[in-house]
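Listed below are the residues making up each chain.
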Amino acid sequence: MVTVRAPGKVILYGEHAVVYGEPALAMAINKYVYVTARARSDGKININARDLRLAGISVTISENGDIIARTDYGAVISALSYVKRAVELAMGYVDKKVGIDLEIRSEMPVGAGLGTSAAVAVATIYAYIKELGYDIDKRELARLAWQVEKDVQGSASPTDTTMATFGGIMFVKPEGNNAVMEPVRPGTNVPLIIGYVPRVSTTKDLVAMVRRKYETMRDVIEPIIRSIGLITRKGREALERGDLELMGVLMNINHGLLDALGVSTRQLNEMVYAARNAGALGSKLTGAGGGGCMIALSDKVEVEKAIELTGGSVLKAVLDINGVVVVSND
Ligand SMILES: Nc1ncnc2c1ncn2[C@@H]1O[C@H](COP(=O)(O)OP(=O)(O)OP(=O)(O)O)[C@@H](O)[C@H]1O
Ligand SMILES: C[C@@](O)(CCO)CC(=O)[O-]
Ligand SMILES: [Mg+2]
């Protein structure tokens, strides 16, 4: 039985633009998805996803007290789509269809912009392969996990799966089916506060919504995408120089452009502006948006309190430098 863990991430600059070939600058965080895999003697795939919550239960209780519970089958299948596809690609990699018991636990809010889908994909593939006694090159692992996200979402960049695989701070730029992945060394410590509100949209839906705008108003949307790419490049230079002031200004501009794309929400904007008003150098939504997480460039308690006063929660996290690792193998 093998247990692996893969980190979540925050995107400092570049979300959504990276889907169109621009770069993203992302940082892995010390919040993890854990996957435990145990091979089965039959070909079944048994998934115990302990942190998934499905809204709505319908139950019929007959006259003699029998209980018949029904769930939204489609919602269950959709919720397990990343795990299922990850197992399929892992089976293809080892060229065997060995049954597996999977238990999945998450330290992060699911679907909140912290890359849980990518961490699940990376950890599930890695756990399956290691449980069967094989190994895999990390770049190949990141490529397979990226394929999971593309297959499930219809469109995805390599950002989140790169971070879950390698950890650290990375400048990621897709180039066709390959990805430029450049570790970035910060010129100073990067103080980040993560604020969170529940999200109802999925990354799949948010990416699709931007795609529709891109295809129907390309002359309007394209300059926004290219400008976010410029911000990411400048943000990388500022990070390497340790210029937190400039990083903050660039975060604010990036957030405004994401708001223009339609992926922010009132609650995200309230947390973002509350953080700035409380003294954060900059703040922006992180991940796909539609609710979920924002980041503030600050270590001030006043900023945490300001975020909480808007109704958001504060998530404490620091840099993860390891990426996916085997936690136990027995
Ligand atoms: N613990 C888990 N167990 C099983 N599946 C999970 C788990 N956590 C996330 N997932 C899968 O990932 C989906 C959420 O992925 P989604 O891309 O929408 O959000 P995210 O990855 O957390 O945020 P972002 O992509 O913006 O960084 C869930 O609906 C579920 O399908
Ligand atoms: C919104 C997006 O850019 C980041 C999601 O964390 C999607 C992707 O890069 O695949
Ligand atoms: Mg995701």
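Residues numbered from 1 in each chain as written. Chains lettered and ligands numbered in written order. Predicted model: local features only at pLDDT ≥ 70, side-chain atom pairs only at ≥ 80, totals over all residues. Heavy atoms only, no water.

Every residue near ligand 2 is listed here: Lys9, Ile11, Glu15, His16, Val18, Val19, Ala156, Ser157, Asp160, Val207, Gly287 and Ala288. The separation between an oxygen atom of ligand 2 and a polar main-chain atom of histidine 16 is 2.9 Å. With respect to ligand 2, the side chain of aspartate 160 contributes an N or O atom lying 2.7 Å from an oxygen atom. Considering ligand 2 on its own, with 300 Å² of exposed area, one finds that the protein chains cover 98% of that surface. Taken together, the residues of the shell around ligand 2 break down into six nonpolar, three polar and three charged. (Near = heavy atom within 4 Å. Polar contact = N/O pair within 3.5 Å; in protein donor to acceptor, adjacent residues only side chain to side chain. Areas by Shrake-Rupley, 256 points an atom, 1.4 Å probe, with all protein chains shown as cover. Nonpolar A, V, L, I, M, F, W, Y, C, P; charged D, E, K, R; others polar.)

Let us look at the UniProt feature "domain: GHMP kinase C-terminal" (unreviewed entry) in the protein. As annotated in UniProt, the feature "domain: GHMP kinase C-terminal" (unreviewed entry) corresponds to residues 237-307 in the numbering used here. End C-alpha to end C-alpha, residues 237-307 measures 28 Å, and it is 59% helix and 13% strand. (UniProt positions renumbered as here; feature names shortened; annotations may be inferred. Helix = DSSP H or I, 4+ residues; strand = E, 2+ residues; numbered from the N terminus.)

Packing of helix α6 (residues 203-216) against helix α7 (residues 218-241) leaves a shortest axis separation of 6 Å and a crossing angle of 120°. Taken together, the axes of α6 and α7 lie oblique to each other. Where α6 abuts α7, its residues Lys213, Tyr214 and Thr216 lie against Arg218, Ile221, Glu222 and Arg226. Looking at the contact of α6 with α7 residue by residue, the class counts come to two nonpolar, one polar and four charged. (Axes fitted to C-alpha atoms, helices over the stretch in contact; angles between N-to-C directions. Parallel < 35°, antiparallel > 145°, perpendicular 65-115°, else oblique. Contact = heavy atoms within 4.5 Å.)

It is worth spelling out the site of ligand 1 at this point. Taken together, the neighbourhood of ligand 1 is formed by 25 residues, with Lys9, Ala79, Gly115, Thr116 and Thr203 sitting nearest. Note that an oxygen atom of ligand 1 is positioned 3.4 Å from one of the side-chain N or O atoms of aspartate 160. Mapped by element, the contributors of at least two residues to the shell around ligand 1 are α1 (73-79), α2 (81-94), β6 (100-106) and α3 (116-131). It is α3 that provides the largest number of residues to the shell around ligand 1, a total of three residues. Of the residues in the shell around ligand 1, the class split is 11 nonpolar, 11 polar and three charged.

Moving on to the pairing of strand β9 (residues 192-197). Of all six residues that make up β9, five are buried, and the element is covered over most of its length. Relative to strand β11 (residues 292-297), β9 is paired through six bridges, and the arrangement is antiparallel. Note on β11: the bridge partner recorded for tyrosine 196 is cysteine 293. Pairing between β9 and strand β12 (residues 313-315): three bridges, direction antiparallel. Each residue of the ladder has a partner; that of tyrosine 196, found in β12, is serine 313. (Buried < 20%, exposed > 50% of the residue type's maximum accessible area, 1.4 Å probe, protein only. Pairing = 2+ DSSP bridges.)

As a further point, take the sheet that holds strand β10 (residues 283-285). Pairing is antiparallel in the open sheet, where four strands are placed in the order β10-β11-β9-β12. Sheet topology places β10 and β12 at the edges, where each strand pairs with a single neighbour. Looking at each pair of strands side by side, their axes are set apart by 30° on average, direction ignored. By the bridge criterion, three bridges tie β10 to β11 in an arrangement that is antiparallel. Directly across from leucine 285, in β11, lies its bridge partner methionine 294. The sheet contacts of helix α8 (residues 244-261) involve β9, β10 and β11, and relative to β10 the element is tilted by about 35°.

Moving on, we come to the UniProt feature "active site" (unreviewed entry) in the protein. On the UniProt side, "active site" (unreviewed entry) is annotated at positions that read Asp160 here. Residue placement: aspartate 160 occurs in helix α5 (residues 159-166). In this structure aspartate 160 comes out as buried when scored by relative accessible area, which is 16%.

Under the domain assignment, the protein is made up of domain 1 (2-184 + 320-329) and domain 2 (192-317). Relative to domain 2, the C-alpha centre of domain 1 lies at a distance of 23 Å. Across the boundary between the two partners, domain 1 contributes 32 residues, which contact 41 residues of domain 2. Carbon and sulfur atoms make up 65% of the area that domain 1 and domain 2 hide from each other, which totals about 3,100 Å². Broken down residue by residue, the surface that domain 1 buries against domain 2 is led by Tyr13, His16 and Tyr20, which jointly contribute 27%. Connecting domain 1 to domain 2 are four salt bridges. With a shortest N-O distance of 3.0 Å, arginine 233 and glutamate 22 are connected by a salt bridge. (Domains from an automatic or database assignment. Buried area = accessible area lost by both parts, 1.4 Å probe. Salt bridge = Lys/Arg side-chain N within 4 Å of Asp/Glu carboxyl O.)

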